[in-house]
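A structural walkthrough
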Amino acid sequence: MKNKNRKKSIIIAIVVVVLCLVGYKIADKVSYPLVRAKAVLYLADKYDAKISDFEMTDYNHSNFFWSDKLIFIPVLKMTDFSFEFKYKDRSFIVTRYNGHFYDDFQLPDVEHWCTQWLIQNVDNRIVGVTLSSLDLYWYQSYNNKGAKYIITQDDTAEFLNCYSFNRYGKKNCAFGFYDSNISENDNQATKNVGNEIVSKLHSKLNINDEAYCTYEN
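A few points on the structure.

Observations concerning the overall build of the protein
- Along its length, the protein carries six helices and nine strands.
- Here the contacts in the protein between residues at least 6 apart in sequence split such that 59% fall between residues at least 24 apart.
- Total accessible area on the protein stands at roughly 13,700 Å², and carbon and sulfur atoms take up 52% of it.

Okay, here's the thing in C-alpha cells:
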C-alpha cells in the first residue's frame, strides 16, 4: 500500500513539474512582463549597462494569426513581441525572433561607417546606403557572431560584402549618390552615373546583381 502511495506521489510530482514547464513555455510566448524583462536583460548584458538605463517607450504584443500561404491547409502562426527603447538619447527597436532577441541600436552607426567606407574606397559621390534592422541581424547570423555581438567600424567591409544577400529582408541593395554636375531631371545622366557607381561597387565588393544606385537631392 505504501509503495502504491509512493508511486502515486511520484507521478503527481512529475505531472506538476511538467505542467509548470508547459505553463512557463506558454507564458514565455504570450506574457508581456516576462518577455519585456528578458528583453531588458538582453540589452543590459549586451551593452554592459544598467537595467535602469533603458526606457521603454512603446511595444507590439505577440499575436497569433492564420497563414493562408497553403490554400487548403491554413497554418496557425505567431508574430512575436517587439519593443521600442530609448538609450543614450537614441530610440531603437528590440525584436524577438525564434526565441532570441536582436536590436537595431547600432543602425545609425553602421550606416555612417558604411557610407564613409564607400566614399573612401568606391566613389566619393556616394552619400548613403539603405539599411534596416534585418540587415544587422543577417550580418550577425550569417557570420555566426550572435545577436549580442557589437559591430565595430573594423567590420564595415565584411558587413557590406554580405549585405546584399540578406535572406531575411529585401533581395537587392540600394545606394544613393549625388553629383553636382548633373541634374536630377537629367534621367540619362543620372542613369549613366548610377550604372558607373554600381560597376565600381561590383569591383570592390561581393554584391548581387540586383544592386542599384539612385540620385539623392
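Resuming the write-up.
Describing helix 3 (residues 107–121)
- The terminal C-alpha atoms of helix 3, which comprises 15 residues, lie 21 Å apart, in line with the 21 Å expected from a rise of 1.5 Å per residue.
- Those residues of helix 3 not exposed but buried are Leu107, Val110, Trp113, Cys114, Thr115, Trp117 and Leu118.

Overview of the packing of aromatic side chains
- Throughout the structure, instances matching the rule amount to 20 aromatic pairs.
- A ring pair is formed by tyrosine 32 and tyrosine 59, whose centres lie 4.3 Å apart and whose planes are at 25 degrees; its orientation type is stacked. Of this pair, tyrosine 32 sits in helix 2 (residues 32–46) while tyrosine 59 sits in strand 1 (residues 55–60), and the two are 27 residues apart along the sequence.
- For tyrosine 59, a relative accessible area of 33% corresponds to the partly exposed category.
- Here the aromatic rings of tyrosine 102 and tyrosine 137 are separated by 4.6 Å at their centres, their planes lie at 35 degrees, and the arrangement is tilted. Of this pair, tyrosine 102 sits in strand 6 (residues 100–103) while tyrosine 137 sits in helix 4 (residues 133–142), and the two are 35 residues apart along the sequence.

So, the environment of serine 183
- Tracing the backbone shows serine 183 in the loop between strand 8 (174–177) and helix 6 (187–204).
- C-alpha of serine 183 to C-alpha of tyrosine 215: the two residues are 32 residues apart in sequence and 9.2 Å apart in space.
- Not counting chain neighbours up to four residues away, the residues in contact with serine 183 comprise Thr190 and Tyr215.

The rules we used
- Residues numbered from 1 in each chain as written.
- Predicted model: local features only at pLDDT ≥ 70, side-chain atom pairs only at ≥ 80, totals over all residues.
- Heavy atoms only, no water.
- Helix = DSSP H or I, 4+ residues; strand = E, 2+ residues; numbered from the N terminus.
- Contact = heavy atoms within 4.5 Å.
- Areas by Shrake-Rupley, 256 points an atom, 1.4 Å probe, with all protein chains shown as cover.
- Expected span 1.5 Å × (residues − 1).
- Buried < 20%, exposed > 50% of the residue type's maximum accessible area, 1.4 Å probe, protein only.
- Phe/Tyr/Trp six-rings, centres within 6.5 Å; stacked < 30°, edge-to-face > 60°.

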